[in-house]
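Coordinate inspection notes
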Amino acid sequence: PVLALGAALFVSSLPTIAQLAARREFAQLMAAYKQTILRVTLGLCPILAGAWYLAAWLLGKFAPAYAASIWPFRILMLGTFFMFMNQLSSAFIMALGQFRVIMGVALINLVVYLSLAPWLIEQHGASGAALATTVMEGVNTLMQLVVVYVLLRSARADAQSGKLSA
């Protein structure tokens, strides 16, 4: 449910982000991006920390058959933070019209996951699969943070130097 909420939130903000990009308000876009990253971090961290501790109790109480899956679940909770950040960054990248960049990121994700998953799953089972997913999402987050920063910085520099027509 958290990811669905994030997806709805970021997709609904896409027109606003795209308008700022169309008006070449790149400084405002960068400020909005940084502010949103901070808000997502401050909002998600307490929720995920609470879920980390509550999950074992909830599984034991209401779904004892799944109590043994606590570690894969916890590992994926960490991945949830990265997935949320990726949705945010993807919205900015799409608003800037960089659809091929999204495809490149997806291909790198595939390579990272396929490099990690066979070994981690063999060594750690379900926890290994969760770890491969979480690491892939973490790498994705780092890539997209850099991509958005570079795109906004170069678009801002181009706009200031007059390379972009008004």
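This text gives an overview of the structure that appears in the document. Since this is a predicted model, take the numbers as computed values, not measurements.

**Topic: the packing of aromatic side chains**
Under the defined criterion, the tally for this structure stands at 4 aromatic pairs. Considering the side-chain rings of tyrosine 33 and phenylalanine 92, the 4.9 Å spacing of their centres and the 65 degrees angle between planes classify their relative orientation as edge-to-face. Of this pair, tyrosine 33 sits in helix 2 (residues 26-62) while phenylalanine 92 sits in helix 3 (residues 70-95), placing them 59 residues apart in sequence. For the pair shown, tyrosine 33 and phenylalanine 92 are each scored as buried. When the centroid spacing of 6.0 Å and the interplanar angle of 90 degrees are considered together, the rings of tryptophan 57 and phenylalanine 62 count as edge-to-face. Given the relative accessible area of 60%, phenylalanine 62 is considered exposed. One cation-aromatic arrangement involves arginine 74 over tryptophan 71; the distance from NZ or CZ to the ring centre is 5.0 Å.

**Concerning the side chain of serine 89**
With respect to the element layout, serine 89 can be found in helix 3. Within the structure, serine 89 has its side chain in polar contact with the side chain of tyrosine 33 (distance 2.6 Å). Excluding residues within four positions of it along the chain, serine 89 makes contact with Tyr33, Gln144, Leu145 and Val148.

**Re the packing of helix 2 against helix 3**
At a minimum axis separation of 10 Å, helix 2 and helix 3 run at an interaxial angle of 165 degrees. One element, helix 2, and the other, helix 3, form an angle in the roughly antiparallel class. Along this stretch, helix 2 crosses helix 3, giving a crossing that reads as right-handed. In terms of residue class, the contact of helix 2 with helix 3 is built from 24 nonpolar, 4 polar and 1 charged.

Definitions and limits used
- Residues numbered from 1 in each chain as written.
- Predicted model: local features only at pLDDT ≥ 70, side-chain atom pairs only at ≥ 80, totals over all residues.
- Heavy atoms only, no water.
- Phe/Tyr/Trp six-rings, centres within 6.5 Å; stacked < 30°, edge-to-face > 60°.
- Helix = DSSP H or I, 4+ residues; strand = E, 2+ residues; numbered from the N terminus.
- Buried < 20%, exposed > 50% of the residue type's maximum accessible area, 1.4 Å probe, protein only.
- Lys NZ or Arg CZ within 6 Å of the ring centre and 35° of its normal.
- Polar contact = N/O pair within 3.5 Å; in protein donor to acceptor, adjacent residues only side chain to side chain.
- Contact = heavy atoms within 4.5 Å.
- Axes fitted to C-alpha atoms, helices over the stretch in contact; angles between N-to-C directions.
- Parallel < 35°, antiparallel > 145°, perpendicular 65-115°, else oblique.
- Left-handed = near helix turned anticlockwise from the far one by under 90°.
- Nonpolar A, V, L, I, M, F, W, Y, C, P; charged D, E, K, R; others polar.

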